[in-house]
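Remarks on the overall topology
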Amino acid sequence: CDPDRRLPETDPFDRQITIGFGTFIETARIAASARGQRLTVEPFPAGVPAGERDGRLDTRPLARLRFAAAPGLARDPLFPAIPLRRSTKTEYDLARPVTAGPLRALTAPQAGVSIGATADPVRLAPLRAAIVDGVRIETLLPRTMQESIDVLRIGAAEADATPDGLSIGGPMVEALAATGQLSRATLADPASFAFRTGLDQQLAVQGSIPALIWVTTPGNGRLDQLAAGYAWARINLLATALGLAVHPASQTLQEYPEMAARFAEVHRLLGVAAPGRVQMLCRLGFGPSVPPAPRWPLARHMVA
């Protein structure tokens, strides 16, 4: 883990970052199979950092990955979906329901986790309200909003120069940025047009929920979090292969005090009691095709 890339306000115990490492490891496992390589994983070879409310990740490795030739190893069927996978952060088509067949496929058992999903409008209604309120809380709380602003890349030039974090672009963004109406300062000002418009857009996006899917673990230790990441990688890739769009709705699962009521409400609505933990909660539906997020090349992340 790169300590400088953690998000202490919205991910104070590095739970989400650990899930992210799990998605990386599972994607590596799938890709290795396409090259006839079997991947074995040794989690936390130098010891397991503390879990939720006990500490954060440190500079010890999260995992040691070993690749070995495995003649006859079958290619994982999810491999072709890797370059197509997206987090589709747009409004979804509420006139196109997510049917029972895809939901059954996406909730097939996986090791170490439980997976649930629903497209039932009655069940979705209170969950939608909680998710939308979670977005409102995070946006209106200056310290959590600023954390997103700090990693925001506004326009093509910024995204090209620093291809990480969150990026927004397009002709309207470029025009507003050029005239000074869209900047980090205006996005941090609740009285500004940019702030109000951005909040309205996010509430509309996160309230657009044809279906939800979630990943639960029996506890909340680091190995539980990695297992959630393994499962989420496969869910996301399978959804892609099925033509479905996905978008994490993570706000209500975050562990800062102002989110505590929504956190408890979502767990209650999903029927998950402690020590069980909802690790991922995501919108599922049909959305427009979106381009890949700007990202650094692999060499940037390699350390000799």
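Everything that follows concerns the structure shown earlier in this document.
Below, the structure is looked at part by part.

Rules and cut-offs
- Residue indices follow the written sequence of each chain, beginning from 1 at its first position.
- Given that the model is predicted, a residue must reach a pLDDT of at least 70 before its local features are reported, and side-chain atom pairs must reach 80 or more before they are shown or counted; all residues, however, enter totals for whole chains, interfaces and linings.
- Each side-chain value is worked out from all heavy atoms of the structure, with water and hydrogens disregarded.
- A carboxyl oxygen of Asp or Glu within 4 Å of a side-chain nitrogen of Lys or Arg is what we treat as a salt bridge.
- Put simply, DSSP H or I for four residues or longer makes a helix, DSSP E for two residues or longer makes a strand, and each gets a number counted from the N terminus.
- Classification of residues uses two cut-offs on accessible area relative to the type maximum, computed with a 1.4 Å probe and protein chains only: under 20% is buried, over 50% is exposed, and between them is partly exposed.
- Here, a strand pair is defined by DSSP locating no fewer than two bridges between the strands.
- Working definition: a ring pair exists when centres of Phe, Tyr or Trp rings (six-membered ring for Trp) sit within 6.5 Å. Plane angles under 30 degrees give stacked, over 60 give edge-to-face, the rest tilted.
- Note on criteria: charge over ring means Lys NZ or Arg CZ within 6 Å of the ring centre, with the direction from the centre no more than 35 degrees off the ring normal.
- Should any heavy atoms of two residues lie within 4.5 Å, those residues are counted as being in contact.

Here the focus is the pattern of salt bridges. As enumerated under the stated definition, the model contains 18 salt bridges in all. Arg262 is the partner of Asp133 in a salt bridge, and the nearest nitrogen-oxygen pair spans 3.0 Å. Taken together, the residues span a long stretch of sequence, with Asp133 in helix 3 (residues 121-140) and Arg262 in helix 10 (residues 260-269) at a distance of 129 residues. One salt bridge in this structure joins Arg184 and Glu158, with 2.6 Å as the shortest N-O distance. Of this pair, Arg184 sits in helix 7 (residues 184-187) while Glu158 sits in helix 5 (residues 155-161), and the two are 26 residues apart along the sequence. According to the relative accessible area criterion, Glu158 is partly exposed, its value standing at 28%. One network of salt bridges, with partners in common, ties together Glu26, Arg29, Asp76 and Arg234.

Most of strand 8 (residues 277-285) is tucked away, with nine of its nine residues classed as buried. Pairing between strand 6 (residues 211-217) and strand 8: seven bridges, direction antiparallel. Its bridge partner lying in strand 8, Ala211 is registered against Leu284. The sheet contact formed by strand 7 (residues 245-248) and strand 8 spans four bridges and is antiparallel. Its bridge partner lying in strand 8, Pro248 is registered against Cys282.

A few words on the packing of aromatic side chains. Summed over the entire model, instances satisfying the criterion amount to zero aromatic pairs. Seen from the ring of Tyr230, Arg29 lies directly overhead, with NZ or CZ sitting 5.4 Å from the centre. The aromatic ring of Tyr92 is capped on one face by Arg283, whose charged end is 3.9 Å from the ring centroid.

This part takes up the side chain of Ser33. Among the structural elements, Ser33 can be located in helix 1 (residues 15-34). Looking at Ser33, the relative accessible area reads 9%, which means it is buried. Ignoring any residue separated from it by four or fewer positions in sequence, one finds Ser33 in contact with Leu73, Ala74, Arg75 and Asp76.

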